[in-house]
Amino acid sequence: MKHYFKSYFRNFDYGLLFVYILLMLFGLVMIYSSSIWVSIFNYNDSNYYYNRQFTNIVIALILFAVAVITPYKRLSSKFILSFLLAVMFVLEFWLLIGGQNINGAKSWISIFGLMNFQPSEFAKLFIIVFFAGTFYRKSVNRGSMQLLTFDDVSYPLGMWLFIVIVVGFETDLGALAIIVAIALVVVITSGLRGKTLGKIFGLLSALGVVGIIGILIFKWDTIFNASRRGRITSFLDPFSDPLNTGYHVVNGYYAIGAGGLEGRGLGQSIQKLGYVPEPQTDFIMAIIAEELGLLGVSIVIIGLGFIVIRGYYIAMSTKDPLARMLAAGISTWIGLQTFINLGGLSGLIPLTGVTLPFISYGGTSILLLSVAMGILINVSTHHKLEKRK
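Everything numeric in this text was worked out from a predicted model, so none of it was measured.

Even after reading the chapter, I still don't get the side chain of Ser380, so can you show me in this structure?
Following the sequence through the fold, Ser380 ends up in helix α13 (residues 363-388). For Ser380, a relative accessible area of 0% corresponds to the buried category. A distance of 2.5 Å separates a polar atom in the side chain of Ser380 from a polar atom in the side chain of Asp13.

This is the structure in structure tokens:
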């Protein structure tokens, strides 16, 4: 065991560790700066969001450490997969029965009134681990991933469909897009033969059409309420109604434009004083741009880009199908969530309320992303060990 840990930490991916820690600490500083006015206005405590995020990060680091030192192969064990499945079922049914509507989406669970938890965030990690672990276990039993049939993978696909339906009826469209994309990437990188992949994509396409029609029929008023219609019109032309539907996007532009190359200075943002919504979550990049300019924005984009590119490199270079699916799924999650957040802020796509990974305030997000980073570093380190052997 001593020799294993010595060899493990000699090959440890310290680059990913450094970027992960840097982004979390940078995000903590910016959460404090961006949330001072909101914290005082809502809670009469300038440190409210900072203190809560600091606690979240401490817990996140503990979970990260557990994920780092636990060999990723154990994620395919029957016990862990069964445990994750049970937790996912409990969260989804709990959400259906008593989910809370926050910011237009019924996607939250209140845990004993102490904290709010988003099952859709857990679902992102669950899909990656459950798909990768189940496919890998069945491939070991069959002797090869190429020998798996459609019947072998129908079970995780059924679970994925259940999650998609629940999240779809929550009308959390940003989370829904990420969950769908993650599943597709894990399936594509699994190594299944073309015939099996064809059947999977045919079924998913048919179910997707049926699901979209069903959600539109039963949730038309919720999906296309006045707020969501405003997001679409503001995405198309925010300046057509800058004081109403385009108000948030336009003020985000003002924040970005005011920052320029050097920014106004840390803590000097004007737009965080009630002009942009959720400056500590959805619009935190606008505050970073206003206060720290292009330098601050570059730190975030380069850091997140490094994680995504590194993850895809690991996925493409490893011969282990489990490592490949885990690395590709986690990289897709972080990359797509970053794109959706920044795309909504910059006007490339409609606003969806998705947080910026490792930077935005949010307990559920930082906890589960930290577990994902621990798994990714674990995969990367074992990949280095295998290459040395």
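It is not clear to me how the packing of helix α3 (residues 48-69) against α13 should be interpreted in this structure. Could you clarify?
For any two helices packed against each other, one specifies the crossing angle of their axes together with the interaxial distance. Interaxial distance between α3 and α13 falls to 8 Å at its minimum, and their mutual angle equals 25°. Classified by the interaxial angle, the pair formed by α3 and α13 is roughly parallel. Pair α3 / α13 crosses with right-handed handedness. From α3, Gln53, Asn56, Ile59, Ala60, Leu63, Phe64, Ala67, Val68 and Ile69 reach across to α13, where they touch Gly363, Ile366, Leu367, Ser370, Val371, Met373, Gly374, Ile375, Ile377 and Asn378.

Would you explain a nonpolar patch on the surface in this entry?
A surface patch of nonpolar side chains, amounting to about 490 Å² of accessible area, comprises Trp37, Phe41, Ile270, Leu273 and Tyr275. Judged by relative accessible area, Ile270 falls into the partly exposed class, the value being 38%.

What am I meant to see in the layout of surface pockets here?
The probe, sized like a water molecule, is rolled over the atoms to show the empty space still left. There is about 580 Å³ of room inside the second largest pocket. Taken together, 23 residues make up the lining of the second largest pocket; nearest its centre are Leu63, Phe83, Leu84, Leu125 and Val371. Residues belonging to the lining of the second largest pocket are distributed by class as follows: 20 nonpolar, 3 polar and no charged.

Sorry, what's going on with α3 here?
Each α-helix winds once per 3.6 residues, and so residues spaced three or four apart point in a common direction. The terminal C-alpha atoms of α3 lie 33 Å apart, and with 22 residues this matches the ideal 32 Å at 1.5 Å per residue to within 8%. Turning to α3, its buried residues are Tyr48, Tyr49, Gln53, Asn56, Ile57, Ala60, Phe64, Ala67 and Val68. Angular distribution of buried residues about the axis of α3 spans 130°; they occupy a single face of the element.

Just checking my understanding: could you explain the nonpolar core for this structure?
Here is a general trend for soluble globular proteins: nonpolar side chains tend to be buried in one another's company. Ranked by internal contacts, the top residues of the largest apolar core, which has 107 residues, are Phe126, Leu326, Phe358, Met373 and Ile375. Considering every element that reaches this core, the biggest residue donor is helix α11 (residues 284-317), with 13 residues. Beyond its immediate sequence surroundings of up to four residues, Leu326 is in contact with Tyr72, Leu75, Ile128, Val129, Ala132, Ile375 and Val379.

Rules behind the numbers
Residues numbered from 1 in each chain as written. Predicted model: local features only at pLDDT ≥ 70, side-chain atom pairs only at ≥ 80, totals over all residues. Heavy atoms only, no water. Helix = DSSP H or I, 4+ residues; strand = E, 2+ residues; numbered from the N terminus. Buried < 20%, exposed > 50% of the residue type's maximum accessible area, 1.4 Å probe, protein only. Polar contact = N/O pair within 3.5 Å; in protein donor to acceptor, adjacent residues only side chain to side chain. Axes fitted to C-alpha atoms, helices over the stretch in contact; angles between N-to-C directions. Parallel < 35°, antiparallel > 145°, perpendicular 65-115°, else oblique. Left-handed = near helix turned anticlockwise from the far one by under 90°. Contact = heavy atoms within 4.5 Å. Patch = residues over 30% accessible without salt bridge, like charges linked within 9 Å, V, L, I, M, F, W, Y side chains within 5 Å. Areas by Shrake-Rupley, 256 points an atom, 1.4 Å probe, with all protein chains shown as cover. Salt bridge = Lys/Arg side-chain N within 4 Å of Asp/Glu carboxyl O. 1 Å grid on protein atoms, 1.4 Å probe; cavity = no way out; pocket = protein on both sides within 12 Å on 5 of 7 lines; lining within 4 Å. Points joined across faces, edges and corners; volume = space filled by probe spheres on them. Nonpolar A, V, L, I, M, F, W, Y, C, P; charged D, E, K, R; others polar. Expected span 1.5 Å × (residues − 1). Arc of directions from axis to C-beta. Core = buried A, V, L, I, M, F, W, Y, C linked by side-chain atoms within 4.5 Å.

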